[in-house]
Amino acid sequence: MKREPTNHNVILIGFMGSGKTTLGQELAPRLDFAFIDTDNLVVSQAGKPIPKIFADHGEEHFRDLESRALSSLIQESSKVIATGGGIVLRPENRALLRKIGFTVWLDASEDTIFDRVSRNTERPLLHTDNQRETIARLLTQRRPLYQESADLMVPTNDLDLGEIIHGIADSARVFFSQSGNAAT
């Protein structure tokens, strides 16, 4: 489906541990874009870390803050934006992602995600008795939403960072040139 985003940004979506922040920080200079992480915007706006937001106010409040952070980016351009893994849960966010820019879904297997995030105590949704089961359940719920939101899906299990960055940068340039918004 051909579409034209409002602005020319590259937005990275995907499950926690799929590499959005790491990849985004490397991709931004490649495109001569600035880097923004929506989780950092939430933390800045709330004045407290994400685990504390969850503990004090719950997930729904965090999702409200996340939606507000995403909405604040509607006028931005020439940015690589890493989003939180649950940004796609709200229909209004999915619609907004597609308006803000070229949306790239970084897809990783359940095993890869588990290896990357299982020891990280900063992930409130994984404070469960069975992290593997939680990851599997959340992935099943979210994969169709990532697919619905994405212009491009990139499997991140077997590619190295340089290959992924090169592929996304080239795809973004093609996307923006076809929509009349040439990227660098």
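Above this text you will find the structure in question.
Along each chain, residue indices are assigned from 1 in the same order as the chain's sequence is written. Thresholds applied to this predicted model are a pLDDT of at least 70 for local features of residues and 80 or more for the giving and counting of side-chain atom pairs; totals over whole chains, interfaces and linings are not thresholded and use all residues. Water and hydrogen atoms were dropped before computing side-chain values, which therefore reflect all heavy atoms in the structure.

Q: Please clarify how the nonpolar core should be interpreted in this entry.
A: Throughout, nonpolar core names a set of buried Ala, Val, Leu, Ile, Met, Phe, Trp, Tyr and Cys residues whose side chains join them through atoms within 4.5 Å. The classification of residues rests on relative accessible area computed with a 1.4 Å probe and restricted to protein chains. Under 20% of the type maximum is buried, over 50% is exposed, and intermediate values are partly exposed. Counting 23 residues, the largest nonpolar core has Ile13, Phe15, Val88, Leu97, Ile100 and Ile113 as its most contacted members. Contributing elements (two or more residues each) for this core: strand S1 (10-13), helix H5 (91-100), helix H6 (110-117) and helix H7 (131-149). The numbering of helices and of strands both runs from the N terminus, where a helix is a DSSP run of H or I of at least 4 residues and a strand a run of E of at least 2. Ranked by residue count, the leading element in this core is H7, at five residues. If you look at the next biggest cluster of nonpolar residues, it comprises 19 residues, including Phe33, Val104, Ile168 and Phe176.

Q: Quick question: what am I supposed to make of the side chain of asparagine 93 here?
A: Turning to its location among the elements, asparagine 93 is positioned in helix H5. Among the polar contacts made by the side chain of asparagine 93, one reaches the side chain of serine 67 at a distance of 3.1 Å. Throughout, a residue-residue contact means that at least one pair of heavy atoms, one from each residue, lies within 4.5 Å. Contacts of asparagine 93, omitting those with residues within four sequence positions, involve Ser67, Leu70 and Ile87. N or O atoms within 3.5 Å of each other form a polar contact, as long as, within protein, one can give a hydrogen and the other can take it, and as long as residues adjacent in sequence are counted only when both atoms are side-chain atoms.

Q: Where do I start with the packing of aromatic side chains in this structure?
A: When we look at a pair of aromatic rings, we describe it by the centre distance and by the angle of the planes. By convention, a stacked pair of Phe, Tyr or Trp rings (six-membered ring in the case of Trp) has centres within 6.5 Å and planes under 30 degrees apart, an edge-to-face pair has planes over 60 apart, and any other such pair is tilted. If you walk through the whole model with that rule in mind, you get five aromatic pairs. For the ring pair phenylalanine 175 and phenylalanine 176, a centre distance of 5.4 Å and an interplane angle of 85° mean the geometry is edge-to-face. Judged by its relative accessible area of 13%, phenylalanine 175 falls in the buried class. By the ring-pair criterion, three or more aromatic residues cluster together here, those being Phe102, Phe175 and Phe176. Geometrically, a lysine NZ or arginine CZ counts as sitting over a ring once it is within 6 Å of the ring centre and also within 35 degrees of the ring normal. In this arrangement the basic side chain of arginine 132 is found over the ring face of phenylalanine 114, its NZ or CZ atom lying 4.3 Å from the centre.

Q: Just to check I follow, could you spell out the environment of methionine 153 for this structure?
A: Locating methionine 153 in the fold gives a position in strand S5 (residues 152-155). Among the residues examined, methionine 153 registers a relative accessible area of 39% and is labelled partly exposed. Distance from methionine 153 to leucine 12, taken between C-alpha atoms, is 9.9 Å for residues 141 residues apart in sequence. Beyond its immediate sequence surroundings of up to four residues, methionine 153 is in contact with Trp105 and Asp107.

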